Each structure stands twice: as structure tokens, then as C-alpha cells.
Amino acid sequence: MTEPTDIVLEHLRAIRGDLGEIKADLIEIKARLGHMEGLYATLSGRMDRIVGDIQKIRKRLDLVDA
């Protein structure tokens, strides 16, 4: 016959396994977020340069029209 403590230990082992999987998932999420932050910074810098280029072009076009 199974003892109540054996049942509890069985459940605790299952929970520990689940927690291990959750920890692994969180580590992967953290890594992906770090990668995405890097991509965002790169895109943000590119967009700033594009906006700057557009402003220069507009100023030059204003000079040509004048």
C-alpha cells in the first residue's frame, strides 16, 4: 500500500520537474528579449538617420525652390 508521504513526495518531484521546465523557458525568454532589444536599438538608430536624411533633403529642396 502506498503511504501518504510517498504520494506527497511523488507530487513534489513532479512539481520540481515542472519548475525546471519553467526556469528553462524563462531563460530562453530572457535571451530572446535581449536579442529583440538589440534589434530595436539598431532599427531606432536607422530610423533616426532616415529622418535626418529626409530633413536634409527637404531643406535642399526648399533652397532650390527659393
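Here's what I pulled together on the structure shown here. Just so it is clear, the structure is predicted and the values come from calculations on it, not from any experiment. (Residues numbered from 1 in each chain as written. Predicted model: local features only at pLDDT ≥ 70, side-chain atom pairs only at ≥ 80, totals over all residues. Heavy atoms only, no water.)

So, the overall build of the protein
The line we're drawing: Helix numbers and strand numbers start at the N terminus; a helix is a DSSP run of H or I with at least 4 residues, a strand a run of E with at least 2. The globule rule used for comparison is 2.2 Å times the number of residues to the exponent 0.38, while the radius of gyration itself is calculated over C-alpha atoms. Burial classification: accessible surface area is computed with a 1.4 Å probe over protein chains only, and a residue below 20% of its type maximum counts as buried, one above 50% as exposed, and the rest as partly exposed. Accessibility throughout is a Shrake-Rupley quantity obtained with a 1.4 Å probe, and a residue counts as covered only by protein chains that appear here.
Helix and strand counts for the protein stand at one helix and zero strands. Relative to the globule expectation of 11 Å for 66 residues, the C-alpha radius of gyration of the protein, 28 Å, shows a markedly less compact shape. Viewed in the frame of its principal axes, the protein has a C-alpha envelope of about 95 × 15 × 10 Å. Burial analysis of the protein (66 residues in total) assigns 0% to the buried set. As displayed, the protein has an accessible area near 6600 Å², and 63% of this comes from carbon and sulfur atoms.

Quick word on the pattern of salt bridges
Applicable threshold: Within this document, salt bridges are pairs made up of a side-chain nitrogen of Lys or Arg and a carboxyl oxygen of Asp or Glu, the two lying within 4 Å of each other.
Tallying each qualifying case throughout the model produces one salt bridge. The salt bridge partner of E28 is R32, with a shortest N-O separation of 2.6 Å. With E28 and R32 both in helix α1 (residues 4-65) and four residues apart, this pair spans about one turn of that helix. What makes R32 exposed here is its relative accessible area of 55%.

With respect to a nonpolar patch on the surface
So the rule is basically this: Within the patch definition used here, like charges are joined within 9 Å and nonpolar side chains (Val, Leu, Ile, Met, Phe, Trp, Tyr) within 5 Å, considering only residues with over 30% relative accessible area and no salt bridge.
Together, V8, L9, L12, I15, L19, I22, L26, I29, L33 and M36 make up a nonpolar patch on the protein surface, roughly 950 Å² of accessible area in all. Residue placement: L12 occurs in helix α1.

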